[in-house]
Each structure stands twice: as C-alpha cells, then as structure tokens.
Amino acid sequence: MRNRGILSIRRALPRMSWAPKNLYNLWRRTVGPDADALRFRATGSTTLFQQRWKSKALMRAYHGDYIPEKIFKRWYLPETLPDVRPQRSTSASDDKADLAEYARRKERAKSFEENIERKGMAPVGSLMMSEVERRIDSVVYRSCFAHSIYEARRLVVHGDVYLNGKKHTNANTRLAPGDMITVNPDAIRYFKDLPTEQDDVIARYFEPKPKEGEEPTAAATPAEGEAAPPATTPAEGEAATESSPSSSEAESSSEAATPAPPAPVDKLTPFKLPYYASPHLFIPAYIEPSFSTCSAIYVRHPTARPGYSEIPTPYDADGALVRYAWEWYVQRRPRVRGTRRLTQGPEDRVKTVKEQEEVGGPAFNVRVGKGGKRNLKEDIERFKRAMKVARGAKGKVAANA
C-alpha cells in the first residue's frame, strides 16, 4: 500500500476494503455525520467547481484509487455514457404517421414514458466506472477472494491468479465476457486460521436455539466445585446388561425413529471469515463465482436499468455526486490521437479477442509485451505465415476444382 493513511478516519474516504476502519468510514459517509456533506444544494456556500472536485475525489477514492489520475482519464474513462432517453420523432410525413399508428408505436412510446415517470431514468452515471470494474484485480475482489482491492492486486502480481488456465501477472488487464479467473487456494487467507478475526457463522446458524420460557441446557461436563459421577466397573456394567436383555432392541427402535444427525458443521464450508465481513458479502450480477474451485467467470459487462445499477458503489448511482464527477471528467478529458498511442495502453481483452478472430483464431494470438507494447517484427512474421497458409489452402481448392 503506497499511502499509509489510506483508511484515515479524519478524511473518511470509503475504499474497496473489508477493514473495520473502512466500514466505519463507510457508515460516516452514508448515514453518519458526514452524509449531509454529500447533499449538494444550489444555495450552499461551496461553488460548483468545489462540488465537482469533491465528487470526483470521493468517486476516485473508492473506484481505483491506486490508478494514477492521468492513466485513469486516458484509458479507464469511457468516451460517452449510453443515452437512455426515449427517442421522439421531430417531424414525420403522413405515410410515416400512418405506419406508426398501424405498428402501435405510439402506444409503446407512451407506455415507455409512463415507465420512466414511474421508475425514473436508468442510473447510467455509475457506468463511468465500468472499465475499472473490468480489471482482473477488481473481479478478484468482487468475487470475495480477497479482503481488499490492494490484496487482490498483490495476488495478481505475485502470480496467484490464472486467466483462462494460464498464469497472469498483469493487474491492469481488462477482461472480456467469458474469461475465467482462478485463484490459488493457498493464497486465500480465509482458508487459514486467523486468531481473533475468524467467526464461525455457520456454527452459530445451526446452533439449536432454546424455546421460549426455557433456559439453555447446560453442558454435560460437571461444573466447578462439583464431583464427577462415579465410574462404573466392568462387573457392574455386565450386570446391568444382563438385567435388561431388551435394551439392545429398544436402542435399535429408537435409532430407527430418530432422524439422521446433520452433517458436521466443519465440513460445510472451508471459509473462515472475519466477524466484520458480512456487510461486504455480495457479488455483482455480471460475475459467476465457484467457491469450490476458487474460480469465477466474467459473464458480461455491467449494465444499468431504471432504478438499478450493477456497479457496486457506496453512493447514490443516480445522485448529484455521480453526476458532478462525470461533469468534472467531461471538461478535462485527454484526447488520444494515433494508433501508436493506443498500442501503449493497458491490455484490453475485448480488443485482443477481436484481433484473434480477424487474423484467424487463437493460433495467431496477438502478443503484448511489457507496458502494453507490441513487437512489430513478430507481428509481421506471423502475418506472413498466415498469408502462406491462406495461399496454400487457396491453391489446393483450385487444384481440386
């Protein structure tokens, strides 16, 4: 962690972390005493510039604070946000109006506007952080394999994360739909005994609760100051069994009547979570995890619909804070010109998969070196080999014809 005061209580900036301090800062910013500072008013003492700067700082503190600001604006900020407003025709001829009436387009447009008035517009402002959520370290954290985004980044850099079955150490990679990540189980801290932190939630859930008006039953062990029950000798035990010949039959009938005992609690789950992890145990809809294999699949890109956003954020997805942050970056967006500058960016799996499909499949994978730079000589040689293969296949077809 580059900044030791990243969880400072004085600043109260929520982060992607399960730490108790961060949980306290999250409470302060949402429902605590600092929540009123996020309700921007037109008649407030702060200017519009100050409100936008504060909104940008709060959004960046939670979403990718470890990414430098210049790199975030150049590579992780989307160019535009999707427009979800209803498309209203300005002018139409008589024929178009008749066709629209015949296709019942006016009725559908009217119902669409009624749904918007009832549910509200889709909170697309939160989608400005969709590129950050596509990062491989963010997916590891959202899958609950790490207690913070900083630990997830460390797992990737140290080679404990596999991308589609191969070790991947570049934490800046953005995943494509269908990519699978796998985490080394030895590197997950929740499989280990952590003193003073682990909380056996499953044991507390299955623990039998006393009924109303009954006191909890004491354990079978004798209390302090009480004598232990006298132990029976083998002779007394044999006499007892002889005096009750039907005891075995009674035991067999009682075993048949009682149901089988539940499975041991220790074998239900190998996870040993800290006691403060429950507020963070959620997984977005665009990730499909498998905790038995310590893997997760990035199913699709996050989306938003009226009244719901798939981007996890501690703030209102359609509030003034998100809108002001977007306005800040719209005015200060850097311009990327030329293909040379584009090849220097972090790896984007969506573009890589498209290039593979255009060239001819995974056999001609585009190799990206350190810093996202491609080797031009290797690309030219591989392109020549692909052209030879294509010409040979074309000659065989002509010969057969």
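Conventions and cut-offs
- In this convention, every chain numbers its residues from 1, walking through the sequence in written order.
- Selection of residues for local features in this predicted model requires a pLDDT of at least 70, selection of side-chain atom pairs for listing and counting requires 80 or more, and totals for whole chains, interfaces and linings are taken over all residues.
- Remark: hydrogens and water are excluded; side-chain values derive from all non-hydrogen atoms of the structure.
- UniProt positions are given in the numbering used here, feature names are shortened, and annotations may be inferred rather than shown by experiment.
- For each structure, a 1 Å grid was placed over the protein atoms alone; sets of points admitting a 1.4 Å probe that cannot get out are labelled cavities, open sets with protein on both sides within 12 Å along at least five of seven lines are labelled pockets, and lining residues have an atom within 4 Å of a point.
- Grid points are joined across faces, edges and corners, and a volume is the space filled by probe spheres set on the points.
- Here, strands pair whenever DSSP counts at least two bridges between them.
- Helix numbering and strand numbering both begin at the N terminus, where a helix is a DSSP run of H or I of at least 4 residues and a strand a DSSP run of E of at least 2.
- Each nonpolar core is a collection of buried residues, namely Ala, Val, Leu, Ile, Met, Phe, Trp, Tyr and Cys, held together in the definition by side-chain atoms within 4.5 Å.
- Exposure is judged per residue with a 1.4 Å probe applied to protein chains only, and the accessible area is read against the type maximum: over 50% gives exposed, under 20% gives buried, and values in between give partly exposed.
- A contact between two residues is defined here by any heavy atoms of the two lying within 4.5 Å.
- When a carboxyl oxygen of Asp or Glu is within 4 Å of a side-chain nitrogen of Lys or Arg, the pair counts as a salt bridge.
- Fitted lines through C-alpha atoms serve as axes, helices being fitted only where they are in contact, and the angles separating the N-to-C directions of these axes extend from 0 to 180 degrees.
- Roughly parallel here means an angle under 35 degrees, roughly antiparallel means over 145, roughly perpendicular means 65 to 115, and every remaining angle is called oblique.
- All residues other than Ala, Val, Leu, Ile, Met, Phe, Trp, Tyr, Cys, Pro, Asp, Glu, Lys and Arg, Gly among them, are scored as polar; the first ten of these are nonpolar and the last four charged.
- The pairing test for Phe, Tyr and Trp rings, Trp by its six-membered ring, is centres within 6.5 Å, and the orientation test on the planes gives stacked under 30 degrees, edge-to-face over 60, and tilted for anything in between.
- Distance thresholds for patches are 9 Å for like charges and 5 Å for nonpolar side chains (Val, Leu, Ile, Met, Phe, Trp, Tyr), applied to residues having over 30% relative accessible area and no salt bridge.
- Note on areas: these come from Shrake-Rupley sampling with a 1.4 Å probe, and a residue is covered only by the protein chains present in the view.

Going by an unreviewed UniProt entry, the chain carries the name RNA-binding S4 domain-containing protein and comes from Candolleomyces eurysporus. The Sequence similarities (unreviewed entry) comment attached to the chain in UniProt states, word for word, "Belongs to the universal ribosomal protein uS4 family."

Looking at empty space enclosed by the protein
In total, this model carries one cavity of 30 Å³ or more according to the counting rule given. Roughly 50 Å³ of volume is contained in the largest cavity. In terms of lining residues, the largest cavity is bounded by Trp18, Tyr141, Arg142, Cys144, His280 and Phe282.

Examining the sheet that holds strand E4 (residues 287-290)
Pairing between the strands of a sheet comes from backbone hydrogen bonds, and it takes one of two forms, parallel or antiparallel. Strand order in the open sheet formed by five strands is E2-E1-E3-E5-E4, and the pairing between neighbours is antiparallel. Looking at the sheet topology across the chains shown, the edges are occupied by strand E2 (166-167) and E4. Sheet topology places E4 next to strand E5 (residues 295-298); four bridges connect them, and they run antiparallel. Of the residues in E5, the one forming a bridge with Glu288 is Ile297.

Details of the nonpolar core
Membership of the largest hydrophobic core comes to 64 residues, with the highest contact counts inside it found for Phe72, Met128, Val140, Val161 and Ile181. At the level of secondary structure, the elements contributing two or more residues to this core comprise helix H2 (48-62), helix H3 (69-75), helix H7 (136-142), helix H8 (149-157), strand E1 (161-163), strand E3 (180-183), E5 and helix H12 (320-331). Looking at this core element by element, the count peaks at seven residues for H12. Beyond its immediate chain neighbours, meaning those up to four positions away, Ile181 contacts Ile136, Val139, Val140, Val161, Tyr162, Leu163, Leu175, Cys294, Ser295 and Ala296.

Let's talk about the environment of Ile297
Here Ile297 is to be found in strand E5. A relative accessible area of 35% places Ile297 in the partly exposed class. In sequence terms Ile297 and Gly178 are 119 residues apart; their C-alpha atoms lie 6.2 Å from each other. Those residues in contact with Ile297, other than ones at most four positions away along the chain, are Gly178, Asp179, Met180, Tyr286, Ile287 and Glu288.

Concerning the pattern of salt bridges
Per the stated rule, a full pass over the model turns up 16 salt bridges. Arg15 serves as the salt-bridge partner of Asp65, at 2.9 Å between the closest nitrogen and oxygen. Within this pair, whereas Asp65 is found in the loop between H2 and H3, its partner Arg15 is found in the segment before helix H1 (20-30), the two being separated by 50 residues in sequence. This pair shows no difference in class: Asp65 is buried, exactly as Arg15 is. Notably, a salt bridge pairs Arg142 with Glu133, separated by 3.1 Å at the nearest N-O pair. When sorted by exposure, Arg142 lands in the same class as Glu133, which is buried. Three or more residues joined by partner-sharing salt bridges are found here, namely Glu131, Arg134, Arg174 and Asp348.

Some points on the packing of H2 against H12
Put simply, H2 and H12 touch, their axes get as near as 8 Å, and they point 100 degrees apart. By the angle class used here, H2 and H12 are roughly perpendicular. Touching Leu48, Phe49, Gln51, Arg52, Trp53, Ser55, Lys56, Leu58, Met59 and Arg60 of H2 are Leu321, Val322, Tyr324, Ala325, Glu327, Trp328, Tyr329 and Gln331, all from H12. A breakdown of the residues in the contact of H2 with H12 according to their chemical character gives eleven nonpolar, three polar and four charged.

Overview of unusual backbone geometry
For Cys144, which is not glycine, the phi dihedral falls at a positive 65 degrees. Topologically, Cys144 is positioned in the loop between H7 and H8. Its relative accessible area of 8% is what places Cys144 among the buried residues. Notably, Asn164 is not glycine yet its phi reads approximately 55 degrees, a positive angle.

A closer look at the environment of Trp27
For Trp27, the location among the structural elements is in helix H1. For the pair Trp27 and Ala12, spaced 15 residues apart in the sequence, the C-alpha separation amounts to 9.3 Å. Those residues in contact with Trp27, other than ones at most four positions away along the chain, are Gly32 and Pro33.

Points about the packing of aromatic side chains
In this structure the tally under the stated criterion is seven aromatic pairs. Aromatic pair Phe49 and Trp328: ring centres 5.4 Å apart, planes at 50 degrees, arrangement tilted. Placement of Phe49 in helix H2 and of Trp328 in helix H12 is noted, with a sequence separation of 279 residues between them. We classify Phe49 as partly exposed; its relative accessible area is 48%. Taken together, a centroid distance of 6.0 Å and an interplanar angle of 70 degrees make the contact between Tyr286 and Tyr298 edge-to-face.

Regarding the pairing of E5
When E3 meets E5, the two strands line up antiparallel, connected through three bridges. In the strand pairing of E5, Ile181 is matched with Ala296. Between E4 and E5, which pair antiparallel and follow one another directly, the connecting turn spans four residues, one of which, Cys294, has a positive phi of 55 degrees.

Focus on a nonpolar patch on the surface
A contiguous nonpolar patch, built from Ile9, Tyr24, Trp27 and Val31 and spanning about 400 Å² of accessible area, is present on the exposed surface. Secondary-structure assignment places Tyr24 in helix H1.

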